[in-house]
Amino acid sequence: MARPGSLSAENLCRRSAADWPDFETTDDLTDLPGGLGQARAEEALRFALAMRQPGYHVFVLGEAGTGRHAVALRLLREFAQQREIPPDLCYLHDFDNPQRPRLLKLPAGRGSVLRSQMQTFITDLGPAIEAALEADPHRERVDALQEAHKSREEKALREIGEACAAEGISLLQTPEGFVFAPTANGEAMSPDAFEALSAEAREAIEEKVARWSEQLSDLLDDFPGWRKALQESVKRASRDALGPAITHLMRPLRATYAELPEVLRFLDAVGRDVLKNAAEQDIAEDEDEAADDGGQRFHRYQVKLLVDHASTQGAPIVYEDNPAFGNLIGRVEFIAQMGVLMTHFNLIRAGALHRACGGYLVVDADRLLTQPFAWEGLKRALRAREIRIEPPAEAQGWTNVQMLEPEPVPCDVKVILVGDRELFYLLTENDPDFPELFKVAADFDDDMPRTDALTIQYVRLLATLARASDLLPVNREGLARMVEEGARLAEDAGRLSLQTRHLADLLREADYHARQAGLTVVDARQIDAAIAARTRRFGRYSERVLESMLDGTTLISTEGSRCGQVNGLVIVEIAGEQFGHPVRITATAHLGEGDVVDIERETELGGAIHSKGVLILSAFLAARYARHQPLSLAASLVFEQSYGPVEGDSASLAELCSLLSALAQAPIRQCFAVTGSVNQFGEVQAIGGVNEKIEGFFQLCRSRGLTGEQGVLIPAASVRQLMLRDEVVEAVRAGRFHVFPVSNVDEAIALLTGMEAGAPDAKGILPRGSVNHRVAEALAVMTSAKHAADQNGGRKPRHRRREEE
């Protein structure tokens with residue numbers, strides 16, 4: 001039976017009635033057509049997706065597990081179906097500037113067709129060239145040209161030989177080249193015979209040789225020009241032979257792409273390059289290049305299909321789970337040949353931005369920001385509205401490899417970043433580009449009101465989650481238990497958590513227990529079993545804490561009374577799981593200068609919010625008890641046997657009560673634990689984790705034996721948050737445990753000490769013997785003692801004088 005002032009069992013957990021009409025299990029419920037409880041976020045997303053102006057990219061913010069990705073992807077699919085399929089993106093070799101591959105856009109699906117057709121063209125090109133150049137008419141024409149050239153050279157040399165022979169000089173061909181020699185009787189004159197001639201005869205011969213040598217030199221100088229003319233003639237003949245063959249090969253391509261001028265220009269360039277290289281007898285060189293290039297003889301005629309939308313329906317939706325710089329912006333790969341890194345346009349790789357062109361790109365913000373250069377690369381693409389494949393600016397110059405500079409791709413992409421609120425606020429405050437590029441914030445709620453109408457929708461959400469994972473149907477009782485768990489997750493009996501990830505996990509684990517038991521329907525017992533199993537899996541640390549209290553290692557009293565000592569309650573979070581346990585808080589007070597020392601803060605174990613709570617506590621003391629006199633005490637507060645950081649102000653009520661107990665020398669009953677924060681007026685304020693805190697103290701009391709005296713004091717404002725486990729509710733119903741709501745510190749100290757707190761009457765006089773009267777009296781005594789010590793005959797104490805000196 002509940003004690004006066006304590007809460008009844010009905011107030012400790014708001015049950016969900018399993019009397020919904022029209023269905024028995026989740027199989028009878030239809031899926032939700034849209035989201036639930038995220039109207040604000042969906043409105044923002046729809047606005048951002050419909051806005052076509054630059055800079056209206058969207059940041060989806062909220063807690064993980066609230067369905068941010070699912071809702072965003074559902075809306076993206078809805079919008080994507082209404083948009084046109086974007087064109088295929090291809091890169092082509094630029095014959096005028098090989099280092100700058102050209103971009104080619106083709107209607108969706110035609111990029112792969114062109115690539116296949118060009119590959120077929122390349123396959124047929126080699127045999128066609130060989131056949132055309134080896135054809136008899138062409139070979140005969142080339143042979144005739146070469147024979148004519150040879151005859152022309154021989155005729156010119158013969159004419160010089162005959163002319164010089166008439167003057168007694170013969171033209172001889174030696175391994176070293178052509179030479180002139182004097183003749184006698186039709187034979188070349190020997191050196192001895194030449195030397196036997198008179199000086200005048202030798203001089204005349206030498207003049208003739210010089211003159212004819214000059215003429216021969218002029219003739220030999222003409223030979224390269226004749227050979228060049230021969231080469232031009234052969235090239236012309238080769239082009240004439242190849243022209244029909246190339247035209248024949250390209251006729252189907254030209255007919256297929258007659259309406260695409262860019263493709264026709266590419267085919268013209270390919271035809272010119274084929275004729276040029278074949279006519280120059282560059283086939284051997286091409287073969288060497290192909291060998292270096294993996295056996296692709298005419299690789300520069302290929303089509304690099306960067307993005308293929310042949311199977312895309314509507315606008316593309318791309319989710320990049322590894323947003324590294326190259327995966328976002330694209331990259332140019334290299335191959336090693338003879339120890340040297342080489343590249344060409346066929347080694348260009350598309351990034352997520354390329355695949356999302358004309359559609360939507362979804363990226364997790366935290367993953368993006370952990371990748372070097374990725375965030376800056378994304379911003380640069382969005383600002384310039386073009387995707388330029390190049391290494392990040394910070395990496396330029398790291399290598400001496402000649403880089404390709406592909407033509408930039410227009411960046412028509414709507415980017416959706418998904419992250420938490422803290423990251424959104426940090427980017428907004430510290431990155432000036434962020435608000436300019438991501439003008440829309442879609443803020444996802446963590447919970448929603450628990451009304452009857454919304455509870456029905458919540459049940460349909462649970463049914464949708466169960467069906468999405470192909471789980472056993474859940475009956476009414478199981479769904480009611482899930483609704484109660486949703487309220488507990490929301491830490492508010494009047495709200496329901498939208499942490500769909502946690503809810504889906506709980507349904508999957510309950511499905512496991514049902515299948516293990518051979519059941520075909522999940523009910524409340526399997527839900528409870530899944531909750532208990534999860535608690536046990538993460539319960540090692542909480543069990544060790546409880547054991548240390550039971551064996552006396554950690555000193556926590558649950559019976560008796562003591563001045564300046566109270567059981568506070570704390571929350572510990574490990575791997576996303578929370579549990580509460582009691583902690584001893586003690587206070588001491590003596591004559592001093594009005595300081596309240598927070599030992600946790602002094603040892604740098606207390607956080608800022610905890611220190612703030614202690615300062616508020618000090619302000620309350622001064623405002624209530626020292627309005628007309630100085631506060632002449634020195635007090636200290638500490639969390640006993642606490643060896644880690646302490647944060648939060650939820651223990652400030654317990655700290656204040658322990659300090660009042662120490663001042664009033666009013667023992668606090670140790671069968672109680674306290675949680676709550678206070679303001680400067682002594683009002684008790686709501687705190688978080690109230691369910692786990694109550695259950696943590698209940699576990700200790702139950703392990704030692706419930707006496708019917710134990711209980712927990714909580715803020716009255718936190719009563720609406722109560723969704724306690726059945727074991728606590730039943731103990732309260734049986735009168736073996738109690739939960740007391742308090743609104744101010746006077747109610748708390750009265751419950752803890754069993755004494756009247758004491759309210760001043762119309763004249764401001766406190767009831768004698770009350771806690772407040774005893775505190776005021778103790779402070780007055782301290783003030784008098786302090787005043788007397790300060791007077792001390794008008795002299796300061798010796799130790800004070802020495803310190804000042």
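Overview of the structure. Since this is a predicted model, take the numbers as computed values, not measurements.

### As for the overall build of the chain
Consideration 1: A count of helical and extended segments in the chain gives 27 helices and 30 strands.
Consideration 2: The C-alpha radius of gyration computed for the chain amounts to 47 Å, which surpasses the reference 28 Å derived for 805 residues by more than 25%, pointing to a less compact arrangement than a globule.
Consideration 3: C-alpha atoms of the chain, sized along the principal axes, occupy 160 × 85 × 50 Å.
Consideration 4: Split into buried and exposed, the 805 residues of the chain put 48% on the buried side.
Consideration 5: Of all intrachain contacts in the chain linking residues separated by at least 6 positions in sequence, the fraction that spans at least 24 positions is 77%.
Consideration 6: As presented, the chain carries roughly 39,400 Å² of accessible surface, and 50% of it is formed by carbon and sulfur atoms.
Consideration 7: Averaged over its 89 positive side-chain charges, the chain has a centre that lies 8 Å from the centre of its 121 negative ones.

### A word on the environment of Asp366
Consideration 1: Looking at the element boundaries, Asp366 is found in helix H11 (residues 365-369).
Consideration 2: The sequence separation of Asp366 and Leu417 amounts to 51 residues, and the corresponding C-alpha distance is 9.2 Å.

### Here we look at helix H1 (residues 39-50)
Consideration 1: Between its first and last C-alpha, H1 extends 16 Å over twelve residues, near the 16 Å set by a 1.5 Å rise per residue.
Consideration 2: Taken residue by residue, H1 has Ala41, Glu42, Ala44, Leu45, Ala48 and Leu49 as its buried positions. Down the axis of H1, the buried set is contained in an arc of 160 degrees. They therefore lie on one face. In H1, those exposed residues whose orientation departs by more than 90 degrees from the buried face are Ala39, Arg40 and Glu43.
Consideration 3: Those residues of H1 hidden inside the fold are in contact with strand S1 (58-61), helix H2 (68-80), strand S13 (360-364), strand S16 (414-419) and strand S17 (440-443).

### Overview of the pairing of S16
Along a regular strand, successive side chains alternate from one face of the sheet to the other.
Consideration 1: With respect to burial, S16 is a largely interior element, six of its six residues being buried.
Consideration 2: Burial along S16 is two-sided: Lys414, Ile416 and Val418 facing one way and Val415, Leu417 and Gly419 facing the other are all buried.
Consideration 3: With four bridges joining them, S1 and S16 adopt parallel strand pairing. Residue Phe59 lies in a different strand from S16, and its bridge partner there is Leu417.
Consideration 4: As judged from the five bridges shared by S13 and S16, these two strands associate in the parallel manner.

### Focus: the sheet that holds S1
Consideration 1: Sheet architecture is open: five strands sit in the order S8-S13-S16-S1-S17, paired in parallel fashion. In the strand order of this sheet, the two ends are held by strand S8 (317-320) and S17, each with one partner. When strand polarity is set aside, the average angle formed by the axes of neighbouring strands in this sheet is 20 degrees.
Consideration 2: Its contacts with the sheet place H1 against S1, S13, S16 and S17, and it is angled at close to 150 degrees to S17.
Consideration 3: In the packing of H2 onto the sheet, the strands contacted are S1, S8, S13 and S16, and the crossing angle to S13 comes to about 170 degrees.

### Remarks on the packing of aromatic side chains
Consideration 1: Counted according to the given criterion, the structure contains 16 aromatic pairs.
Consideration 2: Measuring from centroid to centroid gives 5.6 Å for Phe298 and Tyr301, while their planes differ by 20 degrees, and the two rings are stacked. In this pair, the class of Phe298 matches that of Tyr301, namely buried.
Consideration 3: The interplanar angle of 65 degrees and the centroid separation of 5.6 Å between the aromatic rings of Phe424 and Tyr425 together place this pair among those described as edge-to-face.
Consideration 4: The rings of Phe59, Trp375, Phe424, Tyr425, Phe434 and Phe438 are connected pair by pair, giving a single aromatic cluster.
Consideration 5: Positioned over the ring face of Tyr56 is Lys439, at 6.0 Å from the centre of the ring.

### Focus on the state of the cysteines
Consideration 1: What the rule picks out here adds up to zero disulfides.
Consideration 2: Unpaired in terms of disulfides, Cys90 finds its nearest cysteine sulfur in Cys357, a separation of 13 Å.
Consideration 3: What makes Cys90 buried here is its relative accessible area of 0%.

### Side note on the nonpolar core
Consideration 1: Formed by 58 residues in total, the largest nonpolar core has its most connected members in Tyr458, Ile694, Ile714, Leu722 and Phe737.
Consideration 2: Going through the elements one at a time, helix H15 (452-468), helix H16 (476-489), helix H17 (500-516), helix H18 (524-537), helix H23 (690-704), strand S29 (711-715) and helix H24 (726-733) are the ones with two or more residues in this core.
Consideration 3: Ranked by residues supplied to this core, first place goes to H15 with seven residues.
Consideration 4: Leu722 has contacts with Leu7, Asn11, Leu12, Cys13, Arg14, Ala493, Val690, Asn691, Ile694 and Ile714, leaving out every residue within four places of it along the chain.

### Considering unusual backbone geometry
Consideration 1: The phi dihedral of Asp470 is positive, around 55 degrees, even though this residue is not glycine.
Consideration 2: Counting through the fold element by element, Asp470 comes out in the loop between H15 and H16.
Consideration 3: Looking at Asp470, the relative accessible area reads 64%, which means it is exposed.
Consideration 4: Look at Gln665: it is not a glycine, yet its phi comes out positive at around 55 degrees.
Consideration 5: Structurally, Gln665 is set in the loop between helix H22 (652-664) and strand S25 (668-669).
Consideration 6: Gln665 gets classed as partly exposed once you look at its relative accessible area, which sits at 49%.

### Thoughts on the side chain of Ser636
Consideration 1: Positionally, Ser636 belongs in strand S24 (residues 633-639).
Consideration 2: There is a polar contact of 2.6 Å between the side chain of Ser636 and the side chain of Thr588.
Consideration 3: Those residues in contact with Ser636, other than ones at most four positions away along the chain, are Thr586, Ala587, Thr588, Val597 and Ile599.

### Some remarks on the packing of helix H3 (residues 110-134) against helix H4 (residues 136-165)
Consideration 1: The N-to-C vectors of H3 and H4 enclose an angle of 55 degrees; their axes lie 5 Å apart at closest approach. Taken together, H3 and H4 sit at an angle that is classed as oblique. On the side of H3, the interface is formed by Ala132, Leu133 and Glu134, while H4 contributes Asp136, His138 and Arg139.
Consideration 2: Residue composition of the contact of H3 with H4, by class: two nonpolar, one polar and three charged.

### Considerations on the pattern of salt bridges
Consideration 1: Scanning all chains against the criterion turns up 48 salt bridges.
Consideration 2: Taking the shortest distance from any N to any O, the salt bridge between Asp31 and Arg467 comes out at 2.7 Å. Here Asp31 is found in the segment before H1, whereas its partner Arg467 is found in helix H15, with 436 residues between them in sequence.
Consideration 3: Of the charged contacts in the structure, one is a salt bridge between Arg725 and Glu485, with a shortest N-O distance of 3.0 Å. Separated by 240 residues along the polypeptide, Arg725 in the loop between S29 and H24 and Glu485 in helix H16 bring together distant segments of the chain. Comparing Arg725 with Glu485, the two get one shared label, buried.

### Digging into a negative patch on the surface
Consideration 1: Among the surface-exposed residues, Asp136, Glu140, Asp143, Glu147 and Glu154 lie close enough to one another that they form a single negatively charged patch.
Consideration 2: Mapped onto the elements, Asp136 comes out in helix H4.

### Comments concerning the sheet that holds strand S7 (residues 304-307)
Consideration 1: Read across the open sheet, the three strands follow the order S3-S2-S7; overall the sheet is antiparallel. For this open sheet the edge positions go to strand S3 (102-106) and S7, each flanked by a neighbour on one side alone. Averaged over all pairs of adjacent strands, the angle between strand axes in this sheet comes to 35 degrees, irrespective of strand direction.
Consideration 2: Bridge count for strand S2 (residues 88-92) against S3 is five bridges, and the pairing is antiparallel. Bridging across to S3, Asp88 finds its partner in Leu106.

### Things to note about the packing of H17 against H18
In helix packing, the relevant descriptors are the interaxial angle and the interaxial distance, both defined with respect to the helix axes.
Consideration 1: Axis separation between H17 and H18 bottoms out at 8 Å; the angle between their running directions is 110 degrees. Regarding the angle of H17 to H18, the classification is roughly perpendicular. Where H17 abuts H18, its residues His502, Leu506, Glu509, Ala510, His513 and Ala514 lie against Gln526, Ile527, Ala529, Ala530, Ile531, Ala533, Arg534 and Arg537.
Consideration 2: Across the contact of H17 with H18, the residue classes tally to eight nonpolar, three polar and three charged.

Scoring rules and cut-offs
Residues numbered from 1 in each chain as written. Predicted model: local features only at pLDDT ≥ 70, side-chain atom pairs only at ≥ 80, totals over all residues. Heavy atoms only, no water. Helix = DSSP H or I, 4+ residues; strand = E, 2+ residues; numbered from the N terminus. Rg over C-alpha atoms; globule rule 2.2 N^0.38 Å. Buried < 20%, exposed > 50% of the residue type's maximum accessible area, 1.4 Å probe, protein only. Contact = heavy atoms within 4.5 Å. Areas by Shrake-Rupley, 256 points an atom, 1.4 Å probe, with all protein chains shown as cover. Lys, Arg positive; Asp, Glu negative; His and termini not counted. Charge placed at Lys NZ, Arg CZ, Asp CG, Glu CD. Expected span 1.5 Å × (residues − 1). Arc of directions from axis to C-beta. Pairing = 2+ DSSP bridges. Axes fitted to C-alpha atoms, helices over the stretch in contact; angles between N-to-C directions. Phe/Tyr/Trp six-rings, centres within 6.5 Å; stacked < 30°, edge-to-face > 60°. Lys NZ or Arg CZ within 6 Å of the ring centre and 35° of its normal. Disulfide = S-S within 2.5 Å. Core = buried A, V, L, I, M, F, W, Y, C linked by side-chain atoms within 4.5 Å. Polar contact = N/O pair within 3.5 Å; in protein donor to acceptor, adjacent residues only side chain to side chain. Parallel < 35°, antiparallel > 145°, perpendicular 65-115°, else oblique. Nonpolar A, V, L, I, M, F, W, Y, C, P; charged D, E, K, R; others polar. Salt bridge = Lys/Arg side-chain N within 4 Å of Asp/Glu carboxyl O. Patch = residues over 30% accessible without salt bridge, like charges linked within 9 Å, V, L, I, M, F, W, Y side chains within 5 Å.

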